[in-house]
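Okay, here's what each chain looks like letter by letter:
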Amino acid sequence: MDKVKEYIEKNKNKFLNELFELLRIPSISAKSEHKKDILSCAKLLKDHLEVNDFENCEICKTNGHPIVYGEKIVDHELPTVLVYGHYDVQPIDPVELWDSSPFEPQIKKTQIHPEGAIFARGACDDKGQIFMHIKAFEILNKNGGFPCNVKVMIEGEEEIGSDNLEIFIEKNQKKLECDIILVSDTGMIDKKTPSITIGLRGMTYMELELIGPNRDLHSGHYGGSVINPINELSRIINHLHDNQNKVTIPGFYNDVIEYSKPERKKMESIPFSEIDYAKSVGLNNPSGEDGYSSIERRSIRPCLDVNGIWGGYTEEGSKTVIPSKAFAKISMRLVPNQKWRKISKQFSDYINKIASPNVTVKVTEHHGGEPYLTSTESKAYKSASDAYKDVFKKEPIPTRDGGSIPIIAQFEKTLKSKTILMGFGLDSDAIHSPNEHFGVSNFLNGIETITKFYHHYTK
Ligand code: BES
Ligand code: MN
Ligand code: MN
């Protein structure tokens, strides 16, 4: 057995126990009540970097949650890899749907992970995945030392838009200078089919508030004679797609790259079943923009979704009321070459145009980020590809993911460095959902693949 495999085999229980400690901290970035947890999570990660001989380790304060930074500079002549990840996690609601407590990690067998999977919020997104890098550092450090320079930056606000990280990288361009950025915060096709993510969608996240009457009204007394903001909000939302499921916002598709038939055919070479895809989430059929496959709909096509909608009476029983206000949170996933600020403006203009003059409309922007695309021709991509081949005995397939990591496009713009996305999660890992988990073998294979990346990259 080779040295790396052997080290992982010997230490796998230690690795899992250490990860469990990290997973026990409820570092939910969206909730201010978890500020302390966020800080203890940052501290624990800093300790892990120090234990692996990283230097200049610090917890960098921001206007929001802190960023953990550390570096191992072995030789200025050698290339520098910047590793990025996030230690914040999504909220846990609806908590009653978790089979075990989200912050008490447990290993349970599943159909897809017969060897066991780690169940906890953040197991896959992204504590489990950033921890693979930390364990790869341990292996490198204990087996001949780091073969190149490594900088690590782990943030606590990815799940809420990375606003403060954007400021941090603007201010610290020199410190973060690197040849390539390495990130594990995406997925792979399936357990045996490795893939490297070459594209991510961008996004713009908006909130709508509609104000009708100046107070909640009796729905009999007033019903039918005054505007109901929830009715109006539903009408507006209904107007955002046409009957071919295209987004109706004027100009929305103007900058979208259209691909030729052969290019589209090539993307379809990924093993994929439309029906299994729908069935895996309890649906009979996939659905979306006419004329595109599911893979296309979630990679090369933009979309618009209501993420939440509320207003009026939603508690027990019934109350007859015309609400004064109605709200919705709406996100748009964007593809190259759409620009999120432009889309955000088109969205606001359109809402204001189609809304009834009898409601006051407030459109606010939460956050946004540009889409990302990279090539398969770089030395770093080839090194990653070779590393996957070593571990999975198969060449990884380049794929485009539907999710977003907005800071990746920002890295390219500010730091002028490209990113390699080596993700080891699966669609079925339920990230952002109840019962999030991460396969033990995905975790261990990830550690091995990342370690091998360094060997190939510095060969
Ligand atoms: N790790 C995900 C993004 C992801 C998941 C990309 C799976 C590709 C495949 C990340 O933590 C995330 O959830 N991002 C948010 C964006 C953010 C601005 C809230 C997303 O995509 O909703
Ligand atoms: Mn993530
Ligand atoms: Mn996430």
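Just so it is clear, the model here is predicted, and its values are computed rather than measured. (Residues numbered from 1 in each chain as written. Chains lettered and ligands numbered in written order. Predicted model: local features only at pLDDT ≥ 70, side-chain atom pairs only at ≥ 80, totals over all residues. Heavy atoms only, no water.)

## Quick look at the overall build of the chain
Then comes step 1: Helix and strand counts for the chain come out as 12 helices and 18 strands.
Then comes step 2: Its C-alpha atoms give the chain a radius of gyration of 23 Å, near enough to 23 Å, the size a compact globule of 459 residues would have.
Then comes step 3: Seen through its C-alpha atoms, the chain measures out along the principal axes to roughly 80 × 50 × 45 Å.
Then comes step 4: Of all 459 residues assigned to the chain, the portion counted as buried reaches 54%.
Then comes step 5: Counting contacts in the chain only where the partners sit at least 6 residues apart, residues at least 24 apart contribute 78% of the total. (Helix = DSSP H or I, 4+ residues; strand = E, 2+ residues; numbered from the N terminus. Rg over C-alpha atoms; globule rule 2.2 N^0.38 Å. Buried < 20%, exposed > 50% of the residue type's maximum accessible area, 1.4 Å probe, protein only. Contact = heavy atoms within 4.5 Å.)

## Focus: the sheet that holds strand E13 (residues 325-334)
Then comes step 1: Spatially, four strands are ordered E11-E13-E9-E14 in an open sheet, and the strand pairing comes out antiparallel. Each having just a single partner strand, strand E11 (303-310) and strand E14 (360-369) make up the two edges of the open sheet. This sheet shows a mean twist of 20 degrees between the axes of neighbouring strands, independent of strand direction.
Then comes step 2: The pairing of strand E9 (residues 202-211) with E14 spans nine bridges and is antiparallel. Each residue of the ladder has a partner; that of Glu 209, found in E14, is Lys 362.
Then comes step 3: Contacting E9, E11 and E13, helix H5 (residues 229-238) crosses the sheet at an angle of about 15 degrees to E13. (Pairing = 2+ DSSP bridges. Axes fitted to C-alpha atoms, helices over the stretch in contact; angles between N-to-C directions.)

## Comments concerning the environment of His 218
Then comes step 1: As for its position among the elements, His 218 is in strand E10 (residues 217-218).
Then comes step 2: Classification of His 218 as partly exposed rests on a relative accessible area of 45%.
Then comes step 3: Among all residues touching His 218, those that are not within four sequence positions of it are Gly 223, Thr 320 and Ile 322.
Then comes step 4: In terms of polar contacts, His 218 uses its side chain to reach the backbone amide nitrogen of His 221, at 2.9 Å. (Polar contact = N/O pair within 3.5 Å; in protein donor to acceptor, adjacent residues only side chain to side chain.)

## A look at the pattern of salt bridges
Then comes step 1: Taken as a whole and judged by the stated rule, the model has 27 salt bridges.
Then comes step 2: Across the pair Glu 377 and Lys 382 runs a salt bridge, and its minimum N-O distance is 3.6 Å.
Then comes step 3: Linked through salt bridges whose partners overlap, the residues forming this network are Lys 14, Glu 18, Lys 135 and Glu 138. (Salt bridge = Lys/Arg side-chain N within 4 Å of Asp/Glu carboxyl O.)

## Topic: the coordination of the manganese ion (ligand 3)
Then comes step 1: Taken together, the protein donors to the manganese ion (ligand 3) comprise Asp 125 (OD), Glu 159 (OE), Glu 159 (OE) and His 432 (NE2), at separations of 2.1 to 2.5 Å.
Then comes step 2: Here the manganese ion (ligand 3) is ringed by six donor atoms whose angles at the metal span 56 to 154 degrees, and the overall shape comes out irregular.
Then comes step 3: Written as a sequence motif, the donor residues of the manganese ion (ligand 3) are D-x33-E-x272-H.
Then comes step 4: A spacing of 3.6 Å is found between the manganese ion (ligand 3) and the manganese ion (ligand 2), which share Asp 125 as a donor. Of this pair, Asp 125 sits in the loop between strand E5 (117-119) and helix H3 (127-142) while His 432 sits in the loop between strand E17 (419-421) and strand E18 (437-439), and the two are 307 residues apart along the sequence. (Donors = N, O, S within 2.8 Å, 3.2 Å for Na, K, Ca; no water. Tetrahedral: all angles 85-135°; square planar, octahedral: opposite > 155°, others 65-115°.)

## As for helix H4 (residues 163-171)
Then comes step 1: Looking at H4, one finds that the buried residues are Asn 164, Leu 165, Phe 168 and Ile 169. An end-on view of H4 places all buried positions within 135 degrees of arc, on one side of the element.
Then comes step 2: Looking at the buried side of H4, the elements it contacts are strand E1 (55-60), strand E2 (67-72), strand E3 (80-86), strand E6 (149-155) and helix H11 (407-415). (Arc of directions from axis to C-beta.)

## Things to note about the site of ligand 1
Then comes step 1: Around ligand 1, the surrounding shell holds 16 residues, and the nearest of these are Glu 158, Asp 185, Arg 333, Ser 404 and His 432.
Then comes step 2: The separation between an oxygen atom of ligand 1 and a polar side-chain atom of His 86 is 3.2 Å.
Then comes step 3: Protein chains bury 87% of the 510 Å² of accessible surface belonging to ligand 1 in isolation.
Then comes step 4: Across the shell around ligand 1, the residue classes tally to four nonpolar, six polar and six charged.
Then comes step 5: Taken domain by domain, the makeup of the shell around ligand 1 includes at least three residues from each of domain 1 (3-200 + 371-457) and domain 2 (202-256 + 302-368). (Near = heavy atom within 4 Å. Areas by Shrake-Rupley, 256 points an atom, 1.4 Å probe, with all protein chains shown as cover. Nonpolar A, V, L, I, M, F, W, Y, C, P; charged D, E, K, R; others polar. Domains from an automatic or database assignment.)

## Some remarks on the coordination of the manganese ion (ligand 2)
Then comes step 1: Around the manganese ion (ligand 2), the protein contributes the donor atoms His 86 (NE2), Asp 125 (OD), Asp 185 (OD) and Asp 185 (OD), at 2.0 to 2.5 Å from the metal centre.
Then comes step 2: Coordination geometry of the manganese ion (ligand 2): the six donor atoms subtend angles of 56 to 166 degrees at the metal centre, consistent with an arrangement described as irregular.
Then comes step 3: Positions of the donor residues of the manganese ion (ligand 2), expressed as sequence spacing, correspond to H-x38-D-x59-D.

## Description of the nonpolar core
Then comes step 1: Grouped together as the largest cluster of nonpolar side chains are 64 residues, with contacts concentrated most on Val 81, Val 150, Ile 420, Phe 424, Phe 443, Phe 453 and Tyr 454.
Then comes step 2: The biggest single contributor to this core is helix H1 (residues 3-23), with nine residues.
Then comes step 3: Membership of the second largest hydrophobic core comes to 28 residues, among which are Met 332, Tyr 350, Ile 351 and Ala 355. (Core = buried A, V, L, I, M, F, W, Y, C linked by side-chain atoms within 4.5 Å.)

## Re the packing of helix H2 (residues 35-51) against H3
Then comes step 1: Two numbers describe how H2 lies on H3: the axes approach to 11 Å, and their chain directions differ by 20 degrees. Here H2 lies roughly parallel to H3, going by the angle between them. When H2 is examined against H3, the residues Cys 41, Leu 45 and His 48 are found in contact with a partner set consisting of Lys 127, Phe 131, Ile 134 and Lys 135.
Then comes step 2: Of the residues in the contact of H2 with H3, the class split is four nonpolar, one polar and two charged. (Parallel < 35°, antiparallel > 145°, perpendicular 65-115°, else oblique.)

## Observations concerning the environment of Glu 370
Then comes step 1: For Glu 370, the position within the fold is in the loop between E14 and strand E15 (372-373).
Then comes step 2: Between the C-alpha atoms of Glu 370 and Tyr 7, which are 363 residues apart in sequence, the distance is 39 Å.
Then comes step 3: In this view, Glu 370 contacts Gly 202, Gln 338, Lys 339, Trp 340 and Ala 409; residues no more than four positions away in its chain are not counted.
Then comes step 4: Engagement of the side chain of Glu 370 in a polar contact is seen with the backbone nitrogen of Trp 340, the distance being 3.0 Å.

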